[in-house]
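For reference, the chains in residue letters:
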Amino acid sequence: MSLCSPRSPLPLLLAVGSLLTSAAALAAPPTPAHWAVQGPKAPVAPGASFTLTLTAHIDPGWHIYALEEPEGGPIATQIGLAEGDPLTLLDVAEPEPRMVPDPVLRQTTGMFQNAAEFTLRVRAPHTAPPSGAVSLILVRYQSCNDQICLPPHTETITLPLRGVVR
């Protein structure tokens, strides 16, 4: 049987596969914020506190919100560590957000465009972590542009602890 014969299932399979691929692309919302973490310049001792820099690179035309937003406002960015994480989160600091009046919410909101660097002050575990140990930084945020807001999204950023804690 030829691959192009009318009885061949190949054209139908290709059409269905194309539809499924298109549907999957439509179902997956964009992620306009791209996250990276930078550890300390030198290894830290067990039990010591140190800072991490968590950077959001934000696609043009999009923004994310500050760590604190008024009640009834947009979804504030939240930064934390996964349950059972070897590190202990002590504090999170953000740069000064751009304060903008939101005509829909009728209140001022803090937002970041292009990029934002958050500083996480953390404490290392009291004993050196085992080889292969990682810290999982969780960031829940909402991305919006001037037309739509995407549903809140949680990103997990992995920080290998080898070389961070000695």
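First, a word on what this report is: a plain description of the structure on this page. (Residues numbered from 1 in each chain as written. Predicted model: local features only at pLDDT ≥ 70, side-chain atom pairs only at ≥ 80, totals over all residues. Heavy atoms only, no water.)

Here the largest pocket is characterised by a volume of approximately 310 Å³. As for the largest pocket, its lining consists of 20 residues, of which H63, Y65, D102, N145 and C149 are closest to the centre. When residues of the lining of the largest pocket are traced back to their parent elements, those giving at least two are β3 (63-65), β6 (98-102) and β7 (107-113). Take the lining of the largest pocket: its biggest share by element is four residues, from β6. Class assignment of the residues belonging to the lining of the largest pocket gives a composition of 11 nonpolar, six polar and three charged. (1 Å grid on protein atoms, 1.4 Å probe; cavity = no way out; pocket = protein on both sides within 12 Å on 5 of 7 lines; lining within 4 Å. Points joined across faces, edges and corners; volume = space filled by probe spheres on them. Helix = DSSP H or I, 4+ residues; strand = E, 2+ residues; numbered from the N terminus. Nonpolar A, V, L, I, M, F, W, Y, C, P; charged D, E, K, R; others polar.)

Quick look at the packing of aromatic side chains now. Under the criterion given, the structure shown has three aromatic pairs. Taken together, a centroid distance of 5.6 Å and an interplanar angle of 80° make the contact between F112 and F118 edge-to-face. The exposure classification of F112 matches that of F118, with both residues buried. A connected cluster of aromatic rings, assembled from ring pairs, spans W35, F112, F118 and Y141. (Phe/Tyr/Trp six-rings, centres within 6.5 Å; stacked < 30°, edge-to-face > 60°. Buried < 20%, exposed > 50% of the residue type's maximum accessible area, 1.4 Å probe, protein only.)

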